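What follows is each chain in one-letter form.
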Amino acid sequence: MSPDTERSLARPRGLLLPLLGALPFLGILGGVFFANRMTPYVLGMPFILFWIVLWVVLSSVTMAVVYRLDPGNRQAVDADELAEGTP
Amino acid sequence: MTALMVIAAFLVLAVFLGLRARRGRQMTLEQWSVGGRGFGSVFVFVLLAGDIYTTFTFLGASGWAYGQGGPAFYILAYASLAYVLSYWLLPAIWRYAKEHRLITQADFYARKFDSPTLGALVALVGVVAMVPYLVLQLTGMGIIVSSASYGHLSPHTALVIGTLALTGYVTVSGIHGSAWTSVVKDAMILGVVVFLGVYLPVHYAGGIGAMFHRIDAAKPGFLTLPHSGQSPAWFASTVLLSALGFYLWPHTFSASYSAKNTRVFRRNAIVLPLYQLILLFVFFAGFAAILAVPGLKGSDADLSLLRITVKTFNPWFVGLVGAAGLLTALVPGSLLLMASATSLADSVFRLARPQASDETVARLAKALVPVVAAVALLFAFNGGSTLVNLLLMGYALVTQLFPALLFSLPTRRLITKQGAGAGIVAGVATVAAVTLTNSTVGKLLPGLPQSVKDLNVGVIALAVNLVVLFAVSVLTRAVTARRAAAGPTTVPAADSGR
């Protein structure tokens, strides 16, 4: 896939995916200022620890959503495989 | 003795896997260091996970949970953010590396900015940053071997044994060995850590929730971030810096070259954050050690996981835990050693001798392995820092390579090679000055609000880096433009000569 077609594929959702990617940063870097507390305990963990664990899991969920929405993955699968696959 | 025998058996297994993986392949430099660029999702996954789950995860994270409490949670947070970034970052790096058949991280900068000198600078910064990281692995191995000998081997003897094992292992196998040992290591570490993290809190406190309640009652405030010092501002800035620096480690950067295609990275960005949750169990084990083996101070906190293991279990199980720990040092340690040796040979030596053949460079890279190991061993002997502090120092250095990387990615040239080089030098110099004088942001800039004072000093170095990078880029571009305008007839002639 040439860079040009890739760019035109990415354009419609160009901003959406990076914005989704920014969510975990917001949750962890910003969230820690509000979540720095012991109570309530969740799953036996102090709240701050639970909050971080929650965002680690949500990072994975976010990236799964990004992967599904990324048009590059649907098209690039075949192109990648052809260009880079079996030697 | 039983514990040491179990550890030795696993060491032999690791060397055996390394030798097997090598069989039937010609060991060119590309084969030795990037596996011929043919690794799929699973292999790249274990390889990248292989350098992420180091002895630092095992002993450093539990040690910080034991000694520092709440601030240790940063270790759980930063890698997830790095994986999010990797979704966009790694495919761009990989494509360029494949197109130009690059081997090291320094190659990337040298080619992007068309400057072998910049490549050599990046290689040097990478090697300097890797030394504390390598020292960390060796120190970890020393702790494991000496604890598992129940005090029969001194930490220094244990360190030497560990270093010899690592050096021999790297020389024999290269990256193929690392990938296979990674598979064994990951299975073991997963089993051991999850077991310890569940069993120890139940055994000593009756459950995870009960354990946290007891610690909170004994040390109020220990499990959250303090208002000053390692405050939320420190936490956020440290997590951000570490996330930016994550893929800038020379061995991680070049391990990404070994992928078969870009989808490997995008898929791994989904799975790797979950894999990170292993750390949670490491924390649980470290916190349980507060109740079971109290009183370890300073860098001795790193001993807490093994102390509680020795106290709780039979020698054969101690051996199993030790073996898992040894593998977590061996795999990343071998990648670190290999990457620094290859960097020095390929980027620094090539700069001095551009006509050197690939064979000479490959031979030199192998010859440099014991040299780098010996240097790290020297530093390890003079230890005293906790494992986390060693890692933070390495991260502060390696993160200085991030701005130049970021601005090199767009097709339009945003910065010049002089700007990139000057920014890196200024950033690294700031880190060195701050580390040597033992400064904090608060000491450098008194009178600021507490939250600004608590910022990780790496943030200042990064700011200095960015300012110098742009100032020098603008300046060099202006000079080039003026020269072009002053002598229009000479410029095309010079250009065509290139």
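Because the structure is a prediction, the values reported are computed rather than measured.

## As for the overall build of chain A
No. 1: Looking only at helices and strands, one finds five helices and zero strands in chain A.
No. 2: Expressed as a percentage of the 87 residues in chain A, the buried residues total 43%.
No. 3: With an accessible surface of roughly 4,900 Å², chain A has 68% of that area assigned to carbon and sulfur atoms.

## Here we look at the domain arrangement of chain B
Residues and elements named next belong to chain B.
No. 1: The domain architecture assigned to chain B consists of domain 1 (1-384) and domain 2 (400-483).
No. 2: Every contact between the two is made by 26 residues of domain 1 and, on the other side, 23 residues of domain 2.
No. 3: A buried area of about 2,100 Å², summed over both sides, lies between domain 1 and domain 2, and 77% of it is on carbon and sulfur atoms.
No. 4: When residues of domain 1 are sorted by the area they lose upon contact with domain 2, K112, F113 and L241 head the list and together hold 27% of the total.
No. 5: Between the two partners, domain 1 and domain 2, sit zero salt bridges.
No. 6: Of all the secondary-structure elements, those providing two or more residues to the side of domain 1 that touches domain 2 are α5 (74-99), α6 (105-112), α7 (116-148) and α10 (232-245).
No. 7: In terms of residues, the side of domain 1 that touches domain 2 owes the most to one element, α10, which gives six residues.

## Let's talk about a nonpolar patch on the surface
No. 1: A cluster of nonpolar side chains, A:V57, A:V61, A:V65 and B:L274, forms an exposed patch at the surface whose accessible area comes to about 270 Å².
No. 2: In terms of residue count, the dominant contributor to the nonpolar patch is helix α4 (residues 47-69) of chain A (three residues).

## So, the nonpolar core
No. 1: Among the nonpolar cores identified, the biggest contains 179 residues, and B:Y74, B:F235 and B:F287 are the most heavily contacted of them.
No. 2: A domain-level breakdown of this core finds at least three residues from each of domain 1 (1-384) and domain 2 (400-483) of chain B.

Procedures and definitions
Residues numbered from 1 in each chain as written. Chains lettered and ligands numbered in written order. Predicted model: local features only at pLDDT ≥ 70, side-chain atom pairs only at ≥ 80, totals over all residues. Heavy atoms only, no water. Helix = DSSP H or I, 4+ residues; strand = E, 2+ residues; numbered from the N terminus. Buried < 20%, exposed > 50% of the residue type's maximum accessible area, 1.4 Å probe, protein only. Areas by Shrake-Rupley, 256 points an atom, 1.4 Å probe, with all protein chains shown as cover. Domains from an automatic or database assignment. Contact = heavy atoms within 4.5 Å. Buried area = accessible area lost by both parts, 1.4 Å probe. Salt bridge = Lys/Arg side-chain N within 4 Å of Asp/Glu carboxyl O. Patch = residues over 30% accessible without salt bridge, like charges linked within 9 Å, V, L, I, M, F, W, Y side chains within 5 Å. Core = buried A, V, L, I, M, F, W, Y, C linked by side-chain atoms within 4.5 Å.

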